[in-house]
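Structure at a glance
If you want the building blocks of each chain, they are given just below.
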Amino acid sequence: MHEDEDQPLAGRPVLSAVAFEGGERIAEARHVARGFMTEVQAVHGIPVSERAMGLVELVVSELVTNAHKYAPGPSLLDLEVVDGAVEISVWDSDPALPVPQVADTGRVGQHGLEIVMAVCRSFEIRREPVGKRVKAAIVLADDPGGHPAGRLL
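Please read these numbers as outputs of a predicted model, since none were measured by experiment.

1. Quick look at unusual backbone geometry
In this structure, Asp83 is a non-glycine residue whose phi angle is positive, near 50°. Along the chain, Asp83 falls in the loop between strand 2 (75–82) and strand 3 (85–92).

Dropping the structure here:
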């Protein structure tokens, strides 16, 4: 029995956790993210803007791609709705922390971390006892002023 099973659905945490090991993890992670966001809206009745839907897929894709590219072994993807935002957390086994590149319009590629940091309400990287965890939050509701990081509900 799940510890929240006796709570009404609206009072339960909205979360998903997936482990990845193979080469298909990036496409699968995007699929998991889209499914999670669809469930958040359809099952839990939490409004999700198209902007948020797309940004969650983008951020999941970038973070899982980095884990796949730079860390040997498995990675973990956690998605959770907290305070009007989706928190995206990716753990991998490599303890080396990624460093955003200095802006360079002539550089081809390696802009993923810059993009993630620009579109998220919050972003953090921390070492874990094994490996590291990268966390980012995307606000679910659109900002009436058009700010890409959205707004709090």
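2. Quick word on the side chain of Asp94
In this structure, Asp94 sits in the loop between strand 3 and helix 3 (112–119). In this structure, Asp94 is buried with no salt-bridge partner, the nearest side chain bearing the opposite charge being Lys132 at 4.4 Å. Within the structure, the side chain of Asp94 is placed 3.0 Å from the backbone nitrogen of Ala96, a separation counted as a polar contact. Each residue touching Asp94, except ones within four places of it in the same chain, is listed here: Tyr70, Ala71, Gly131 and Lys132.

3. Remarks on the pattern of salt bridges
Counted by the stated rule, this structure contains 7 salt bridges. Between Asp78 and Arg133 there is a salt bridge, with its nearest N and O atoms 3.3 Å apart. Taken as a pair, Asp78 in strand 2 and Arg133 in strand 5 (residues 132–139) lie far apart in primary sequence, 55 residues in all. Given a relative accessible area of 27%, Asp78 falls into the partly exposed group. The partner of Glu128 in a salt bridge is Arg126, and the shortest N-O contact between them spans 3.0 Å. The class for Glu128 is partly exposed, based on a relative accessible area of 22%. One network of salt bridges, in which partners are shared, links Asp78, Glu124, Arg126, Glu128 and Arg133.

4. Thoughts on the nonpolar core
Grouped together as the largest cluster of nonpolar side chains are 34 residues, with contacts concentrated most on Val59, Val60, Leu77, Leu79, Val86, Ile88 and Ile138. For this core, the secondary structure elements donating two or more residues are strand 1 (14–20), helix 1 (25–42), helix 2 (50–70), strand 2, strand 3, helix 3 and strand 5. In terms of residue count, the dominant contributor to this core is helix 2 (9 residues). Beyond its immediate chain neighbours, meaning those up to four positions away, Leu79 contacts Val14, Leu15, Ser16, Val32, Ala33, Phe36, Val60, Val86, Glu87 and Ile88.

5. Here we look at the sheet that holds strand 2
Taken together, the 5 strands give an open sheet; going across it, the order is 1-2-3-5-4, and neighbouring strands pair in antiparallel fashion. Of all strands in the sheet, those bounded by a partner on one side alone are strand 1 and strand 4 (122–127). When strand polarity is set aside, the average angle formed by the axes of neighbouring strands in this sheet is 15°. With 8 bridges joining them, strand 2 and strand 3 adopt antiparallel strand pairing. Along strand 3, the bridge assignment pairs Asp78 with Ser89. Helix-sheet contacts for helix 1 involve strand 1, strand 2 and strand 3, and the interaxial angle to strand 1 is about 170°.

6. Brief notes about the packing of helix 2 against helix 3
Between helix 2 and helix 3, the shortest axis-to-axis distance is 10 Å and the interhelical angle comes to 145°. Considering only the axes of helix 2 and helix 3, their crossing is left-handed. Within the contact between the two elements, helix 2 uses Leu55, Leu58, Val59, Glu62, Leu63 and Asn66 and helix 3 uses Gly112, Leu113, Ile115, Val116 and Val119. In terms of residue class, the contact of helix 2 with helix 3 is built from 8 nonpolar, 2 polar and 1 charged.

Calculation notes
Residues numbered from 1 in each chain as written. Predicted model: local features only at pLDDT ≥ 70, side-chain atom pairs only at ≥ 80, totals over all residues. Heavy atoms only, no water. Helix = DSSP H or I, 4+ residues; strand = E, 2+ residues; numbered from the N terminus. Buried < 20%, exposed > 50% of the residue type's maximum accessible area, 1.4 Å probe, protein only. Lys, Arg positive; Asp, Glu negative; His and termini not counted. Salt bridge = Lys/Arg side-chain N within 4 Å of Asp/Glu carboxyl O. Polar contact = N/O pair within 3.5 Å; in protein donor to acceptor, adjacent residues only side chain to side chain. Contact = heavy atoms within 4.5 Å. Core = buried A, V, L, I, M, F, W, Y, C linked by side-chain atoms within 4.5 Å. Pairing = 2+ DSSP bridges. Axes fitted to C-alpha atoms, helices over the stretch in contact; angles between N-to-C directions. Left-handed = near helix turned anticlockwise from the far one by under 90°. Nonpolar A, V, L, I, M, F, W, Y, C, P; charged D, E, K, R; others polar.

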